[in-house]
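Each chain, letter by letter, is given below.
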Amino acid sequence: MAQGVWIVAEQRDGTLRKVSFEIAATARRLADELETEVSAVLLGSGIEGMAPELGEYGVDRVFVVDDPGLETYTTDAYAAAAAGVVKENNPAILLLAASVQGKDLSSRLVGKLATGMATDCVEVTIDDGKLLAKRPMYAGKCYGEIVVSGSPQMASLRPNVFPAVENQKAGEVIQYAPALKAEKLKTRVLEVQKDTSGKVDLTEAEIIVSGGRGMKGPENYPIIEELAEVLGATVGASRASVDAGWRPQSDQVGQTGKIVSPNLYIACGISGAIQHLAGMSSSKYIVAINKDPDAPIFAKADYGIVDDLFKVVPEVTVAAKKLLS
Ligand SMILES: Cc1cc2nc3c(=O)[nH]c(=O)nc-3n(C[C@H](O)[C@H](O)[C@H](O)COP(=O)(O)OP(=O)(O)OC[C@H]3O[C@@H](n4cnc5c(N)ncnc54)[C@H](O)[C@@H]3O)c2cc1C
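Now for a quick tour of the structure.

### So, empty space enclosed by the protein
Logical step 1: This model, assessed by the stated rule, comprises one cavity of 30 Å³ or more.
Logical step 2: By volume, the largest cavity is sized at about 40 Å³.
Logical step 3: Around the largest cavity, the lining residues are V8, A9, E10, L96, A97, Q101, G102 and L105.
Logical step 4: Of all the elements in the fold, those that place two or more residues in the lining of the largest cavity are β1 (5–9), β6 (93–97) and α4 (100–112).
Logical step 5: Considering every element that reaches the lining of the largest cavity, the biggest residue donor is α4, with three residues.
Logical step 6: Its residues placed into classes, the lining of the largest cavity shows five nonpolar, two polar and one charged.

### What about the packing of aromatic side chains?
Logical step 1: Taken as a whole and assessed by the stated rule, the structure comprises three aromatic pairs.
Logical step 2: Taking 4.9 Å as the distance between ring centres and 25° as the angle between the ring planes, the aromatic pair formed by W6 and F63 counts as stacked. Of the two residues, W6 sits in strand β1 while F63 sits in strand β5 (residues 61–66), which places them 57 residues apart along the sequence.
Logical step 3: Since its relative accessible area comes to 1%, W6 is described here as buried.
Logical step 4: On the basis of relative accessibility, which here comes to 5%, the residue F63 falls in the buried class.
Logical step 5: With centroids separated by 4.8 Å and ring planes inclined at 65°, the aromatic side chains of Y73 and Y78 adopt a geometry described as edge-to-face.

### Description of the side chain of S241
Logical step 1: Looking at where S241 falls in the secondary structure, it is placed in helix α6 (residues 239–243).
Logical step 2: Residue classification places S241 among the buried positions, given a relative accessible area of 0%.
Logical step 3: A polar atom in the side chain of S241 sits 3.0 Å from the backbone oxygen of G211.

### Some words on the pairing of β5
Logical step 1: As defined by bridge partners, strand β4 (residues 38–44) adjoins β5 across six bridges and the pair is classed as parallel. Looking across to β5, one finds that S39 is bridged to R61.
Logical step 2: Relative to strand β12 (residues 172–175), β5 runs parallel, the two being bridged by four bridges. If you follow V62 over to β12, its bridge partner there is V173.

### Overview of the layout of surface pockets
Logical step 1: For the largest pocket, the calculated volume is near 1,200 Å³.
Logical step 2: Contributing to the lining of the largest pocket are 35 residues, with R12, D13, R17, V192 and K194 lying nearest its centre.
Logical step 3: Elements with a minimum of two residues in the lining of the largest pocket: β2 (11–12) and α4.
Logical step 4: The element contributing the most residues to the lining of the largest pocket is α4, with three residues.
Logical step 5: Of the volumes computed, that of the second largest pocket is approximately 490 Å³.
Logical step 6: In terms of lining residues, the second largest pocket is bounded by 26 residues, among which R213, S238, G269, I270 and S271 are the most central.
Logical step 7: Residue assignment for the lining of the second largest pocket shows that the elements contributing at least two residues are α6, α7 (274–280), β16 (285–290) and α9 (309–324).

What counts, and where the lines are drawn
Residues numbered from 1 in each chain as written. Predicted model: local features only at pLDDT ≥ 70, side-chain atom pairs only at ≥ 80, totals over all residues. Heavy atoms only, no water. 1 Å grid on protein atoms, 1.4 Å probe; cavity = no way out; pocket = protein on both sides within 12 Å on 5 of 7 lines; lining within 4 Å. Points joined across faces, edges and corners; volume = space filled by probe spheres on them. Helix = DSSP H or I, 4+ residues; strand = E, 2+ residues; numbered from the N terminus. Nonpolar A, V, L, I, M, F, W, Y, C, P; charged D, E, K, R; others polar. Phe/Tyr/Trp six-rings, centres within 6.5 Å; stacked < 30°, edge-to-face > 60°. Buried < 20%, exposed > 50% of the residue type's maximum accessible area, 1.4 Å probe, protein only. Polar contact = N/O pair within 3.5 Å; in protein donor to acceptor, adjacent residues only side chain to side chain. Pairing = 2+ DSSP bridges.

Here's what the structure looks like:
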């Protein structure tokens, strides 16, 4: 019989991603309700040292799948390795992060496990012994409640939405040797180009200052960057500013960009098109600065400033500097 709540933890360059602790703590909560155990799959090369940290977030057993073939993430190697250990252990529930990597991995894994999955969930509970997942639909216009009928019941959780509660100290670490057949893998990584900016990834950022077409051009972004620097925030952008070549694609927030859930999202010169809202409406607090009082962003904003951003943003920067100094 399928049992246990499992997660696939995510690590990069020898560090567990914050979202891994969020899904571990969520798995713990669900497992407590089901009176069962939490297990994690940790994939990579030279990663064993990371396993105990997962125990601190409620994981009872960490299956360490350590193999040189997993040094760099590829969909087929990671999906093959994860599917092997999951199939052997037959969990009832399997959670992953709805991060860039998690989305890629889970879509292949769900096929290999021949089950179903609720993606990008913002709430998960247990209902009548089953996983009940809540996720935004129609670009965030409404929420759907999903019960996956296959086994394991899979769900990917939106980063920055679930609390990473520490509640346990030590989990058992189990070495698992993957049966990876190099000749069966279709992907070979030739080169990895890393983001060297050192900034916190948008999906993990606590504060985001985003600029849209209202910024008028790339030469004006320093005012946003200065505010971001003072607040310890990451800079984001609307698609209009990315399409215009003012900002890199990796900065784009929205339906075809990144889905973000910071504590504070400051939208500067962004109208609030449905595709942009789809990426940021689960932010805890939204501040909009826009000179058009009828801009749709104000319908979603907790605080709105109707004025010229070129006047307001530097004033907010000065005020924030004073407050935080
Ligand atoms: C399939 C599809 C996918 C898409 N995916 C995305 C996505 O992922 N992310 C995304 O962002 N968009 C996406 N879009 C595009 C989206 O529909 C909008 O075109 C885009 O979000 C608009 O960007 P914007 O708000 O910066 O520009 P605009 O809509 O042009 O808004 C600019 C705003 O700036 C304000 N403004 C101008 N000057 C000032 C000033 N001096 N001070 C204050 N305010 C000022 C204006 O009042 C206006 O409200 C997608 C569209 C499609 C069709």
